[in-house]
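These are the residues of each chain, in order.
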Amino acid sequence: MAGILDTVDQRTQLVGENRLEILMFRLAGRQLFAINVFKVQEVLQMPKLTLMPHRHRCVCGVINLRGQTLPVIDLSQAIGMRPLVPDERSTIIVTEYNRTVQAFLVGGVDRILNLNWESILPPPGGAGRQHYLTAITKVEEQLVEIIDVEKVLAEIVPYSVKISSERLNDPLLEHARGREVLLVDDSSVAVAQLRDTLSQLGMKMHVATDGLKGLRLLKQWADAGEVLTDKLLMVFTDAEMPEMDGYRLTTEIRQDPRLKELYVVLHTSLSGSFNEAMVKKVGCDNFLSKFQPDKLVEVIRERLLLDQVSA
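Cut-offs applied
- Residues numbered from 1 in each chain as written.
- Predicted model: local features only at pLDDT ≥ 70, side-chain atom pairs only at ≥ 80, totals over all residues.
- Heavy atoms only, no water.
- 1 Å grid on protein atoms, 1.4 Å probe; cavity = no way out; pocket = protein on both sides within 12 Å on 5 of 7 lines; lining within 4 Å.
- Points joined across faces, edges and corners; volume = space filled by probe spheres on them.
- Helix = DSSP H or I, 4+ residues; strand = E, 2+ residues; numbered from the N terminus.
- Nonpolar A, V, L, I, M, F, W, Y, C, P; charged D, E, K, R; others polar.
- Pairing = 2+ DSSP bridges.
- Axes fitted to C-alpha atoms, helices over the stretch in contact; angles between N-to-C directions.
- Contact = heavy atoms within 4.5 Å.

This next bit is on empty space enclosed by the protein. Inspection of the entire model under this criterion finds two cavities of 30 Å³ or more. What the largest cavity holds in volume is close to 170 Å³. Taken together, 20 residues line the largest cavity, and the ones lying closest to its centre are Lys39, Thr134, Ile147, Asp186 and Glu240. Taken together, the elements giving at least two residues each to the lining of the largest cavity come down to strand E2 (32-36), strand E9 (133-139), strand E10 (142-147) and helix H2 (149-156). Among the residues making up the lining of the largest cavity, the classes are represented as nine nonpolar, four polar and seven charged.

This next bit is on the sheet that holds strand E11 (residues 180-184). One open sheet accounts for five strands, arranged E12-E11-E13-E14-E15; its pairing is parallel. On the outer flanks of this sheet lie strand E12 (204-208) and strand E15 (286-289), each paired with one strand and no other. Geometrically, the sheet is characterised by an average inter-axis angle of 25 degrees between neighbouring strands, direction not taken into account. Relative to strand E13 (residues 232-237), E11 runs parallel, the two being bridged by five bridges. Considered in E13, the bridge of glutamate 180 is made with leucine 232. Of the strands in this sheet, E11, E13 and strand E14 (264-268) touch helix H7 (residues 246-255), which is tilted by about 175 degrees from E14. Running at roughly 145 degrees to E13, helix H9 (residues 293-310) makes contact with E13, E14 and E15 of the sheet.

Quick look at the structure:
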């Protein structure tokens, strides 16, 4: 797998084109799984693994990678499958989510594939492993399951949704009470986090589970004669979602005269340096890494200040 990610910088050209690249791999069986390449730092054989006392059952131990200590998570066990047995021949995928770096133990890496988001579909309903999927697709007639890594990580290290008292006592936030926002995200964990944080401000939330559903809802309101900038304080959108990603959603919003003035926040677990550049490319108003309640409040505060300036 050496060199598999060497051209990752070129993949920024996919942004706004409703395309993505996935890294496919296997766990404890023949089933193919995948995650977005943009969240992958490298793929390598397992370095020396150090066990830790009182570790989470899905954490195999820690490794030292170029001076950085990283937890190694058994991804198979984390999504309810048979645990993997780590050894020196094991493969790990080093990833960055929500400003943290971790390694996932996998059974073996398959390849990288370039796809259109339209070919990525929501997972079917049901229990079991489906609970840990954000999407599915087919490659050469074989089903590929795209894992909800945010959910996996949230179960190992729970995220805080509590806003600090210092932030909550800001008198400007009174203007947020009763205001409506649209949340567009395919991750149940991310939606729950946004709901729990925004409810502390007394805000009303609408939810769409992918960019296409979000766009249809916005157009439905516009068709009904609603002035969207009066109705919604802002739109929070994830970057990667089935059928239509957040970058294409933002592009579509900017191209519709009835929607183009909406305040759009890219709310994503992808790395900040990458997204800050892409925000400008597709026309988002702001960028926010996931699971930062106080920074979420700061973004809302910036939006409320704009209302005061224009009043």
